[in-house]
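The lines below spell out each chain.
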Amino acid sequence: MERRSRHTTPRSIRLCITHRHHKKKVKYVSYDIVFREIPDEVTLAINLSGCPIHCKGCHSPHLWQDIGDPLTTDRMAVLLDEYRGLITCVCLMGGDAEPQIVQQLLQFARRHADGIRTAWYSGRNEAPAGFDLSVLDYLKLGPYMEQYGPLDKPTTNQRLLRIHPDGTRTDITHRLQKKG
Ligand code: SF4
């Protein structure tokens, strides 16, 4: 076995130290093809863990934990390739602890799967400062609040927005709600 001087830091460890602040990642616990979350789209929805929002009455409190597998761009590519031709949209559900990584993953999805539309289900009331909305076609905002109900209730506080290429937004929340 190769012996190293106690005073020499191996290159791999030096890299690890240098880049430790850039090692942020998001993890996913599951994914599914869904039809209702984004109107008129067949959506690959990827459920991210580590949610920092902690809504009272959360439907999935297990997603508060740091569980699942890293959602790398490589993994994203595999998922997009698996459903190529079947899906029209990819949606990251959560990821509020690491919005810059959400942005990078959705940017990657657009490059990798030509024509795919992108969506983010965030629990925040507004997009984080510095987030580039041009990577999105859809953005859901707002925490779950029991007294107002989920997106399919007319009383909901949550909003689903269509983000247009020129940066303008259209509120399409009503498209998720049953008429009558
Ligand atoms: S944002 Fe979603 S996952 Fe996070 S606490 Fe609220 S309802 Fe639960």
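Reference entry: report on the structure contained in this document. (Residues numbered from 1 in each chain as written. Predicted model: local features only at pLDDT ≥ 70, side-chain atom pairs only at ≥ 80, totals over all residues.)

1. Some thoughts on the overall build of the protein chain
Line of reasoning, step 1. When its secondary structure is counted, the protein chain shows three helices and eight strands.
Line of reasoning, step 2. Starting at the N terminus, the α and β elements of the protein chain follow one another as α-β-β-β-α-β-α-β-β-β-β.
Line of reasoning, step 3. When each of the 180 residues of the protein chain is scored for burial, the buried share is 27%.
Line of reasoning, step 4. When contacts within the protein chain are restricted to residue pairs at least 6 apart in sequence, those whose partners lie at least 24 apart make up 55%. (Helix = DSSP H or I, 4+ residues; strand = E, 2+ residues; numbered from the N terminus. Buried ≥ 20, exposed ≤ 12 C-beta atoms within 10 Å, placed from the backbone. Contact = placed C-beta atoms within 7 Å.)

2. Considerations on the pairing of strand E7 (residues 159-163)
Line of reasoning, step 1. Where strand E6 (residues 138-141) lies against E7, four bridges are found, and the strand directions are antiparallel. Of the residues in E7, the one forming a bridge with Lys140 is Leu160.
Line of reasoning, step 2. Pairing between E7 and strand E8 (residues 169-171): three bridges, direction antiparallel. Bridged to Arg162 within E8 is Thr170. (Pairing = 2+ DSSP bridges.)

3. Regarding helix H3 (residues 99-112)
Line of reasoning, step 1. Along its 14 residues, H3 runs 20 Å from first to last C-alpha, staying within 8% of the 20 Å computed at 1.5 Å per residue.
Line of reasoning, step 2. Within H3, the full set of buried residues consists of Val102, Gln103, Leu105, Leu106 and Ala109. When H3 is viewed along its axis, its buried side chains cluster within an angular range of 165° and face the same direction.
Line of reasoning, step 3. Among the structural elements, helix H2 (73-82), strand E4 (89-93) and strand E5 (117-121) are those in contact with the buried residues of H3. (Expected span 1.5 Å × (residues − 1). Arc of directions from axis to C-beta.)

4. Brief notes about the site of the ligand
Line of reasoning, step 1. Taken together, Cys51, Ile53, His54, Cys55, Cys58, His59, Ser60, Leu63, Gly94, Gly123, Pro143 and Tyr144 make up the full set of residues adjacent to the ligand.
Line of reasoning, step 2. Of the residues assigned to the shell around the ligand, the class counts are seven nonpolar, five polar and no charged. (Near = placed C-beta within 6 Å. Nonpolar A, V, L, I, M, F, W, Y, C, P; charged D, E, K, R; others polar.)

Such coordinate-based values are descriptive only and should not be taken to indicate function.
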